[in-house]
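# Residue-level structural notes
Next come the chains, spelled out residue by residue.
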Number of protein chains: 2
Amino acid sequence: MKIYLIRHGIAELKAIDKPDADRMLAKRGIVKIQKIAQKLSRLDIKFDVIITSPYRRAQETAIILKQAALSEQIIEHSALKPEGNILEWINSIQEQNYPIDTNICLVGHQPNLTDWTELLVWGKIQNRLSLKKAGIIGIELLNSSNPIGTCELFLLTSPKWMIN
Amino acid sequence: MKIYLIRHGIAELKAIDKPDADRMLAKRGIVKIQKIAQKLSRLDIKFDVIITSPYRRAQETAIILKQAALSEQIIEHSALKPEGNILEWINSIQEQNYPIDTNICLVGHQPNLTDWTELLVWGKIQNRLSLKKAGIIGIELLNSSNPIGTCELFLLTSPKWMIN
């Protein structure tokens, strides 16, 4: 099973009169995610499901990926929120009992995405990975019944390496 | 200081009458490295120096990178050989006393390149990184006097993500 962790695109600035969860993608954030989506499409990547944080900037990122025909399905999951817990998400993955060749896309926030990657791949968080907005991490889940510390990292890239 | 670790391209098959060190790049290996070199050039990447394994498939990879004007200098270093020792290379880096904004490209072999990356980033080898031929790893050296376990990983990609 392959998991692609995608960080939401560049969002509009924080404002005191707007909850953080409601911040939308900025125009340049939309353009960059569209380019990433086109690239993934050229590479014939398909996601069986896109699981997104319910925050608006992540939802909008997920919708752009779906619009590029990368997936037919978007699910919101509270574990993808900034304060989300990976164990909650792992439980839900195990309940789903996905086939071994499933491709899952997670759209969420930092530092969650690199923290989760380090947990899944090396078993502990050491803050040694850099992931820019619209960046992608690819990991292979080799043991879905015991994923912590047993995954393999095959991709880590900022958007500049993908779209230029 | 940024270090780009590039695995040599696809080489001709092993033959009993030819030392492993003399294996040349296969035609498709040359083409793929040329595409990678073009991509790096589009991204305005410049290497202050390319340090290569003395094995022919690595040398040829380094020459293609230099021909694309990515660097003016290629150095061979025995530490980049398949049986090479990272500590020997670290010593030579420290002796050179490179400026902080230096970009170094290492061209070598597996499993050295991912072993070294894990050592530099997490301090120990756990065989959790996948690096295909012509793939690239990018790490940032934050503490050149004590690099083991103190670097940051910002790039890990197979050629397919770079050139399609």
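Calculation rules
- Residues numbered from 1 in each chain as written.
- Chains lettered and ligands numbered in written order.
- Predicted model: local features only at pLDDT ≥ 70, side-chain atom pairs only at ≥ 80, totals over all residues.
- Heavy atoms only, no water.
- Contact = heavy atoms within 4.5 Å.
- Buried area = accessible area lost by both parts, 1.4 Å probe.
- Salt bridge = Lys/Arg side-chain N within 4 Å of Asp/Glu carboxyl O.
- Polar contact = N/O pair within 3.5 Å; in protein donor to acceptor, adjacent residues only side chain to side chain.
- Helix = DSSP H or I, 4+ residues; strand = E, 2+ residues; numbered from the N terminus.
- Nonpolar A, V, L, I, M, F, W, Y, C, P; charged D, E, K, R; others polar.
- Least-squares fit on C-alpha atoms with pLDDT ≥ 70 in both.
- Buried < 20%, exposed > 50% of the residue type's maximum accessible area, 1.4 Å probe, protein only.
- Pairing = 2+ DSSP bridges.
- Phe/Tyr/Trp six-rings, centres within 6.5 Å; stacked < 30°, edge-to-face > 60°.
- Lys NZ or Arg CZ within 6 Å of the ring centre and 35° of its normal.

### With respect to the interface of chain B and chain A
- Between chain B and chain A, the contact holds 27 residues from the first and 27 residues from the second.
- Summed over both sides, the interface of chain B with chain A buries roughly 2500 Å², with 58% coming from carbon and sulfur.
- Where chain B packs against chain A, one counts zero salt bridges.
- Seen at the junction of chain B and chain A, the total is 15 residue pairs in polar contact (both at pLDDT 80 or more).
- At the level of elements, helix H1 (27-42), helix H4 (112-122), strand S6 (152-157) and helix H5 (159-163) of chain B are the ones that each hand at least two residues to the side of chain B that touches chain A.
- At six residues, S6 of chain B tops the list of elements feeding residues into the side of chain B that touches chain A.
- Of the residues assigned to the side of chain B that touches chain A, the class counts are 15 nonpolar, six polar and six charged.

### Observations regarding the relation of the copies chain B and chain A
- Turning chain B through 180° and shifting it by 0.0 Å along the axis lays it on chain A, with an RMSD of 0.0 Å. When the rotation and shift are considered jointly, the pair of chain copies conforms to a two-fold rotation axis. Rotation axis and chain B: the residue whose C-alpha lies nearest the axis is Leu 156 of chain B, separated from it by 2.4 Å.
- Interface residue correspondence from chain B to chain A reaches 100%, placing this contact among same-surface, isologous pairings.

### Comments concerning H4 of chain B
- The element H4 of chain B is extensively covered by neighbouring structure, given that eleven of its eleven residues are classed as buried.
- Residues Asn 112, Leu 113, Thr 114, Asp 115, Trp 116, Thr 117, Glu 118, Leu 119, Leu 120, Val 121 and Trp 122 of chain B constitute the buried set of H4 of chain B.
- On its buried face, H4 of chain B is in contact with helix H4 (112-122) of chain A together with strand S1 (2-7), helix H3 (86-96), strand S4 (103-108), strand S5 (136-140) and S6 of chain B.
- Downstream of H4 of chain B by one or two residues, Gly 123 of chain B has phi in the positive range, about 90°.

### A closer look at the pairing of strand S4 (residues 103-108) of chain A
Residue and element names in this part refer to chain A.
- With six of six residues buried, S4 is to be regarded as a mostly interior element.
- A two-sided burial pattern is seen for S4, the buried positions comprising Asn 103, Cys 105 and Val 107 on one face and Ile 104, Leu 106 and Gly 108 on the other.
- Across six bridges, the pairing between strand S1 (residues 2-7) and S4 is parallel. The residue of S4 that forms the bridge with Tyr 4 is Cys 105.

### Re the pairing of S1 of chain A
Residues and elements named next belong to chain A.
- By the criterion of burial, S1 is predominantly enclosed, with five of the six residues buried.
- Bridge count for S1 against strand S5 (residues 136-140) is five bridges, and the pairing is antiparallel. If you follow Lys 2 over to S5, its bridge partner there is Glu 140.

### As for the packing of aromatic side chains
- Scanning the model with the defined rule gives nine aromatic pairs over all chains in all.
- Where Trp 89 of chain A meets Trp 116 of chain A, the ring centres are 6.0 Å apart and the plane angle is 25°; that geometry is what we call stacked. You can see Trp 89 of chain A sitting in helix H3 (residues 86-96) and its partner Trp 116 of chain A sitting in helix H4, a full 27 residues away along the chain. There is no split in this pair, since Trp 89 of chain A and Trp 116 of chain A are both buried.
- Among the aromatic residues, those joined into a ring-pair cluster are Tyr 4, Phe 47 and Phe 154 of chain A together with Trp 161 of chain B.
- The ring centre of Phe 154 of chain A lies 5.9 Å from the NZ or CZ of Lys 2 of chain A, which sits over that ring.

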